[in-house]
Amino acid sequence: MTKTLVTGGAGFIGSHVVDEMIRNGLEVAVVDNLSSGKKENLPAGAVFYEIDITSPEMERVFETERPDYVHHLAAQISVADSVRNPLHDAMVNVVGSVNLLQNCVRYGVKKFIFSSSGGTVYGATEHLPAVEDLPFSGMSPYGVTKICMEYYLPYYRAEQGLNYTVLRYSNVYGPRQDPHGEAGVVAIFAEAMLNGRTPTINGDGKYVRDYVYAGDVARANFLAIEKGDHDCFNIGTGIQTDVNQLYEAIAGVIGFPHEAVHGPHRPGDLRKNYLDAGKAARLLGWHPEVSLKEGLERTVEFFRNR
Ligand SMILES: NC(=O)c1ccc[n+]([C@@H]2O[C@H](COP(=O)([O-])OP(=O)(O)OC[C@H]3O[C@@H](n4cnc5c(N)ncnc54)[C@H](O)[C@@H]3O)[C@@H](O)[C@H]2O)c1
C-alpha cells in the first residue's frame, strides 16, 4: 500500500491533507509536535508521532514508516512571530525542513510536496493575479524561509535525485482553522459572531485576498503525488474578496445582525493579493470546487458544533 507522511498533520490544513489521503486509500503517518495542532484533528486511521521536525528522532520515523511520499506542512506560520523571533522561525522552517529532506534522500522517498505561501512569496507585487514566475518580494522572515526552501528543492533534485512539487497556497480557510491566531480571518469572524461578539475589521477593510477552501487545497496535495514533478504551482481561486465583503458573507450565513466595527490599520498588511492558478489547472488538473458561500457554510457549521 502507498504510504504518505504528513508533517503538521494535526494542524488545520495538514489534517485536511490527512483526510484526503485516507479517502483515496493511502496509508498515513503524521508527525506533529502539537505546538498549534491538536490530536482531535486526526482521524483514527493515521499513525501519529508526537515529534519535532528538527529532532534527530525524525530518522526513526522514516526508518519505521518508509513513506513513499512526504507532504510537508509543519511550520512556524505566524508572520508576526517570525519578525519577533527569526531564529526560532528559521530553526523550524529551514533547519526542520532540511532535516526532513536529508531523511527523504536517505530513505528513498519518491516525492516531497512542499506547502509554500503565495501571499508571502509575491509580497506587495502589482502584477496581479500573481503568476509563478514573478520574482520573490516577500517582506518577512517567514516569507524568506518559504522561498529559501523552494531554492533547496532544485538542489536536492539535481544532486540527490529527490523529486518534489511546490504548492503556493493563497489564503486558506475552512473547518479546524485556529480562531485565536493573528491570521485565519474567517475562523476569527465566525467564532466571534457565533458567540454574539462583533468582530473588528482592521482599517477600512479594503484588503483583497484570495480565499481558498481547505478541502480544495488538500486535493491539490493529492494530485501533486502523480503530477507536477519538480515544479511550482499557485493554489488559489483567483477571486478577489475584501474583508468587508467577507464580513457580510459570514454575517449572512450566521444571521448576525450587527454592522462591523472598524479598528486601526494593521501595519504591514498587504492591500491586495490574489493568485492565477491556471498552471495548476493545466498541469495538475486542479480546480477549486467549493464556492466561498459553500465553504463558509461548512466552516460556520463546524464552529457551531464545536
Ligand atoms: N493557512 C494558510 O492560509 C496558509 C497559506 C499558505 C501556506 N500555508 C502553509 O501551510 C502549512 C500549514 O499551515 P496551517 O495554516 O495548517 O497551520 P497550523 O499551525 O494549523 O499547522 C502547522 C502544524 O505544524 C505543527 N508544527 C509546528 N512546528 C512544528 C515542529 N517544529 N515540529 C513538528 N510539528 C510542528 C503544528 O503543531 C501544527 O499542527 C504551513 O506550512 C503554512 O506555512 C498556510
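Conventions we followed
Residues numbered from 1 in each chain as written. Predicted model: local features only at pLDDT ≥ 70, side-chain atom pairs only at ≥ 80, totals over all residues. Pairing = 2+ DSSP bridges. Helix = DSSP H or I, 4+ residues; strand = E, 2+ residues; numbered from the N terminus. Axes fitted to C-alpha atoms, helices over the stretch in contact; angles between N-to-C directions. Contact = placed C-beta atoms within 7 Å. Parallel < 35°, antiparallel > 145°, perpendicular 65-115°, else oblique. Left-handed = near helix turned anticlockwise from the far one by under 90°. Nonpolar A, V, L, I, M, F, W, Y, C, P; charged D, E, K, R; others polar. Buried ≥ 20, exposed ≤ 12 C-beta atoms within 10 Å, placed from the backbone. Right-handed = clockwise from strand over helix to strand, strands pointing away. Domains from an automatic or database assignment. Expected span 1.5 Å × (residues − 1). Near = placed C-beta within 6 Å.

Chemist: Explain the sheet that holds strand β1 (residues 3–7) here, please?
Modeler: Strand order across the open sheet formed by seven strands is β3-β2-β1-β4-β5-β6-β11, with parallel pairing between neighbours. Each edge of the open sheet is held by one strand with a lone partner, namely β3 (47–49) and β11 (231–235). Neighbour-to-neighbour, the strand axes of the sheet open up by a mean angle of 20 degrees, direction not taken into account. Against the sheet, helix α1 (residues 12–23) contacts β1, β2 (27–31), β4 (69–72) and β5 (111–117), and its axis sits at roughly 170 degrees relative to β1. Sitting on the sheet, helix α2 (residues 58–65) touches β1, β2 and β3, and the angle it makes with β2 is about 170 degrees.

Chemist: It is not clear to me how the packing of α2 against helix α4 (residues 86–106) should be interpreted in this structure. Could you clarify?
Modeler: For any two helices packed against each other, one specifies the inter-axial angle together with the distance between the axes. Here α2 crosses α4 at 30 degrees, and the two axes come no closer than 10 Å. Put simply, α2 runs roughly parallel to α4. In the packing of α2 onto α4, the handedness of the crossing is right-handed. For the pair α2 and α4, the contacting residues are Met58, Glu59 and Phe62 in the first and Asn99, Leu100, Asn103 and Arg106 in the second. Residue composition of the contact of α2 with α4, grouped by class: three nonpolar, two polar and two charged.

Chemist: Can you walk me through the pairing of β2 in this structure?
Modeler: Note on strand geometry: in a regular strand, side chains alternate between the two faces of the sheet. Counting buried residues along β2, four of its five residues qualify, which places the element largely inside the surrounding structure. Two strands pair when backbone bridges link them, and β1 and β2 are joined in this way by five bridges, in the parallel orientation. Looking at the pairing, Leu5 lines up with Ala29 of β2. In this fold, β1 hands off to α1, which returns the chain to β2; that crossover is right-handed.

Chemist: Could you clarify how one ought to interpret the environment of Thr125 in this entry?
Modeler: If you trace the backbone, Thr125 turns up in the loop between α5 (118–122) and α6 (141–160). Between the C-alpha atom of Thr125 and that of Asn221, which follows or precedes it by 96 residues, the distance is 26 Å.

Chemist: Quick question: what am I supposed to make of unusual backbone geometry here?
Modeler: Negative phi characterises most residues that are not glycine, and trans characterises most peptide bonds. Residue Pro129 is reached from Leu128 by a cis peptide bond, and omega for that bond is 0 degrees. When you line up the elements, Pro129 lands in the loop between α5 and α6. Residues other than glycine seldom take positive phi values, yet Arg176 does so here, at roughly 80 degrees. Judged by the 22 C-beta atoms lying within 10 Å of it, Arg176 falls in the buried class.

Chemist: What is the right way to look at the domain arrangement of the chain in this model?
Modeler: A common measure of how large an interface is: the accessible area buried when the components associate. Examined at the domain level, the chain breaks down into domain 1 (3–171 + 214–237 + 277–283) and domain 2 (173–209 + 239–274 + 289–305). The centre of domain 1, based on its C-alpha atoms, is set 25 Å off from the matching centre of domain 2. Its residues placed into classes, the side of domain 1 that touches domain 2 shows seven nonpolar, 11 polar and one charged.

Chemist: Looking at this structure, how should I read α4?
Modeler: The end-to-end C-alpha distance of α4, which contains 21 residues, comes to 29 Å, matching closely the 30 Å that a straight helix rising 1.5 Å per residue would cover. Those residues of α4 lying buried are Asp89, Val92, Asn93, Gly96, Ser97, Leu100, Leu101, Asn103 and Cys104. Tucked into the core, α4 has its buried residues touching β1, α2, β4, α3 (79–84), β5 and α6. With its phi angle positive at about 65 degrees, Gly108 sits one or two positions after the end of α4.

Chemist: Could you clarify how one ought to interpret the site of the ligand in this entry?
Modeler: Neighbouring the ligand are 29 residues, the closest being Gly8, Gly11, Phe12, Gly37 and Ala75. Of all the secondary-structure elements, those providing two or more residues to the shell around the ligand are α1, α4, β5 and β7 (171–173). At three residues, the largest contribution of residues to the shell around the ligand is made by α1. Taken together, the residues that form the shell around the ligand break down as 13 nonpolar, 13 polar and three charged.

Chemist: I would appreciate a short explanation of α6 in the present structure.
Modeler: At 3.6 residues per turn, the α-helix brings residues three or four places apart onto the same side. With 20 residues, α6 extends 27 Å between its outermost C-alpha atoms, agreeing within 8% with the 28 Å of an ideal straight helix rising 1.5 Å per residue. Taken together, the buried positions of α6 are Pro141, Tyr142, Gly143, Val144, Thr145, Lys146, Met149 and Leu153.

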